[in-house]
Amino acid sequence: MHLERLWLTDFRSYRHAEFAPAPQGITVVTGANGEGKTNLLEAIGYLATLRSLRGNPSESLIRTGDGAERAVVRMEGRREARRIVVEAEISATGRSRAQVNGQALRRVRDLLGALQVTVFTPEDLALVKGGPQGRRQYLDDLLVALHPRHDATIAEVERVLKQRTALLKSAGWQAAAGRGLAPDVESTLEVWDAKLAAAGDALARARAGLAEALGLRAADAYRRVASGVAHRGRDVVSLHYETSWQGSLAEALRAARGEDLRRGVSTVGPHRDDLRLQIGSTPARTHASQGEQRSLALALRLAGHHLVAERIGSEPVLLLDDIFSELDASRAEALLACLPSGQAIITTAGHLPVEAVVAAWARIEDGKLLA
Amino acid sequence: MYAAAVQDLIDELGRLPGIGPKSAQRIAFHLLRLPSHDALRLAEAIRVVKERVSWCRRCFNIAEGPPAGEAGAAGDAGRPPAIECDICRDERRDPTVVCVVEEPRDVVAVEKTREFHGRYHVLQGAISPIDGIGPDNLRIRELLARLEVEGVKEVILCTNPNIEGDATALYLASLLKPLPLKVTRIASGLPVGGDLEYADELTLGRALEGRRELVD
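Note that the structure is a prediction, hence the values are computed from the model and not measured.

As for the domain arrangement of chain B
All names here are of chain B.
Phase 1 of the analysis: Domain boundaries in chain B define domain 1 (4-48), domain 2 (49-89) and domain 3 (91-213).
Phase 2 of the analysis: Each of domain 2 and domain 3 was reduced to a C-alpha centroid, and the two centroids are 26 Å apart.
Phase 3 of the analysis: With nine residues of domain 2 at the contact, the number on the domain 3 side is 15 residues.
Phase 4 of the analysis: For the pair domain 2 and domain 3, the summed buried area comes to about 1,000 Å², and 58% of that belongs to carbon and sulfur atoms.
Phase 5 of the analysis: By the criterion of area lost to domain 3, the three top residues of domain 2 are Arg58, Phe60 and Ile87, representing 57% of everything that side buries.
Phase 6 of the analysis: Counting across the interface, domain 2 meets domain 3 through one salt bridge.
Phase 7 of the analysis: For the salt bridge of arginine 58 with glutamate 150, the shortest nitrogen-to-oxygen distance reads 3.6 Å.
Phase 8 of the analysis: Our count for the contact surface shared by domain 2 and domain 3 stands at five residue pairs in polar contact (both at pLDDT 80 or more).
Phase 9 of the analysis: Looking at the side of domain 2 that touches domain 3, the element that brings in the most residues is helix H4 (residues 86-89), giving three residues.
Phase 10 of the analysis: Here the side of domain 2 that touches domain 3 is composed, by residue class, of six nonpolar, one polar and two charged.

Below you can see the structure in the form of structure tokens.
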């Protein structure tokens, strides 16, 4: 799939902007830091995921100043033979709205799946180096890209966890005040546990299946990204989804109940799981060099990209946010060499490997996009 | 900024659900511009509703009684009289089936179907620890107290098909399980007249789960 044209209204730094990347190959967006290069990618990312790729709340995507109340992002493009037009309106006060091919959607979330992107950012290093949260998010984003219905499972797990935690906290607070456990806390907890067990188990299964599907692709991508730089025995990576419980989640929740009540948090569940990454025979998070970690982060993104492309039969749009400033020459070259064949939009303040074959250029000056 | 009385009005309006500061201000100025008798009609309607309408003592639906001045003048002055709603007073309704809903507006929704001829029980909410609402804050004890006295044979759990409504239904189901009565949950699934193609996966999945045999 590819974007033909993108329009922004009151999005971040842009009052109005129009952007027409090359349908195939690399489009480079240049501009000094702080001019709004990433904002452009963020707009495209928003249409694909309904989230800010920098993790900002949606309201913050609306341009500040002049009292703008809504931001609009609209794109025209192609997905194989089909023409797609996606439009999303982010509102500060009222309801957000979305359209796909001129049809208003009942829920904004129904637009998930119309456009797919694969995003590379310098922060991806945290996928390997950081805490498990980022790795769970990586899996969940891919799950939604592959099957938009997983969005509902993820939302249900989050909601049930919030409710369960609120109950644990209030129960713990009562107990601390010397009032003991209210009799209905126990039975209400049963209910939330049942719901968490069902939704949590479904999510963990989906993530574990995904991790397995990603495994070989990540290993393959890693070999290519790290080719020439990896030491002997250090070019093999493996992925393994690790649940925070053994056996059935329902039983684990029951077993953890005392502890959960004492601490006021849910100690088992999909929100405590991790995607274990290994290079060679050692954990990548603690026993790998920064260079290896960077290669693995790239490999994870590439693996996700290939999997989505294969499963949905159309290649996601690649968004690379100033990625080459962080990579050494050999990794940059390797990444360029294994960049998939579709559309790629790259922002940069200057760094670009000499080998890059650029199909189109755009420049941002004084906050304005010049094609 | 504004005269104290105007600011008070804006503050009061702003406390209403769904009304933000901007809307509160707009409504306040609209009221200021209205002729006295038009504006006071609203005040009067609020006063009358607070005087005459209260909760049905049986099912906790909305119930309207005679004006407070006439009934219960002696004794419980100030408190609305203990009254029953139209549905609980209606002798033709089947007392053995009780439909449990979250809010009075859900009673209206079920009534519109004209398919249900039993009685109701309004919980006045759903279990939601985030909002500090546990079983104790709902009219659950009152429901249990009714069941034997009224000879109820079936309880239909008709709470919303969302996370909180489902949790409330699950909780009630486990509570009612030991009792000698039938407990059912309303089906959730596809809207009538819709296309399968446009149904979201979650709803369609639930509809499949709740499928039933056509030929027996």
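That covers the picture; the talk isn't over yet.
Observations regarding the pattern of salt bridges
Phase 1 of the analysis: Applying the stated criterion across every chain yields a total of 50 salt bridges over all chains.
Phase 2 of the analysis: Residue A:Arg164 is joined to A:Asp260 by a salt bridge in which the shortest nitrogen-to-oxygen separation is 2.9 Å. With A:Arg164 in helix H4 (residues 150-176) and A:Asp260 in helix H7 (residues 257-263), this pair connects stretches of sequence that are 96 residues apart. In this structure, A:Arg164 and A:Asp260 share a single accessibility class: buried.
Phase 3 of the analysis: A salt bridge links B:Arg141 to B:Asp136, with the nearest nitrogen and oxygen atoms 3.7 Å apart.
Phase 4 of the analysis: Taken together, the shared-partner salt bridges connect A:Glu4, A:Arg74, A:Glu76, A:Arg78, A:Arg83 and A:Glu87 into one network.

Remarks on the environment of A:Arg276
Phase 1 of the analysis: Along the chain, A:Arg276 turns up in strand E10 (residues 274-279).
Phase 2 of the analysis: Within polar-contact distance, the side chain of A:Arg276 engages the side chain of A:Glu242 at 2.6 Å.

Description of the interface of chain B and chain A
Phase 1 of the analysis: Residue-level contacts link 15 residues of chain B with 18 residues of chain A.
Phase 2 of the analysis: Overall, the association of chain B and chain A removes approximately 1,500 Å² of surface from exposure, summing both partners, and the carbon and sulfur fraction of that is 68%.
Phase 3 of the analysis: Among the residues chain B hides against chain A, the three largest losses belong to B:Pro129, B:Ile130 and B:Ile163. Together they make up 37% of the total.
Phase 4 of the analysis: Our enumeration of links across chain B and chain A arrives at four residue pairs in polar contact (both at pLDDT 80 or more).
Phase 5 of the analysis: It is helix H7 (residues 163-176) of chain B that contributes the most residues to the side of chain B that touches chain A, six residues altogether.
Phase 6 of the analysis: Here the residues of the side of chain B that touches chain A are counted per class, giving nine nonpolar, one polar and five charged.

Focus: the pairing of E10(A)
Residues and elements named next belong to chain A.
Phase 1 of the analysis: As paired elements, strand E9 (residues 237-242) and E10 share six bridges and run antiparallel to each other. Bridge pairing in E10 links histidine 240 to arginine 276.
Phase 2 of the analysis: Judged from the two bridges that link them, E10 and strand E11 (residues 282-283) form a sheet pairing that is antiparallel. By the bridge assignment for E11, isoleucine 279 is matched with threonine 282.
Phase 3 of the analysis: Where E10 hands over to E11, the hairpin turn is made up of two residues, of which glycine 280 adopts a positive phi near 65°.

What counts as what
Residues numbered from 1 in each chain as written. Chains lettered and ligands numbered in written order. Predicted model: local features only at pLDDT ≥ 70, side-chain atom pairs only at ≥ 80, totals over all residues. Heavy atoms only, no water. Domains from an automatic or database assignment. Contact = heavy atoms within 4.5 Å. Buried area = accessible area lost by both parts, 1.4 Å probe. Salt bridge = Lys/Arg side-chain N within 4 Å of Asp/Glu carboxyl O. Polar contact = N/O pair within 3.5 Å; in protein donor to acceptor, adjacent residues only side chain to side chain. Helix = DSSP H or I, 4+ residues; strand = E, 2+ residues; numbered from the N terminus. Nonpolar A, V, L, I, M, F, W, Y, C, P; charged D, E, K, R; others polar. Buried < 20%, exposed > 50% of the residue type's maximum accessible area, 1.4 Å probe, protein only. Pairing = 2+ DSSP bridges.

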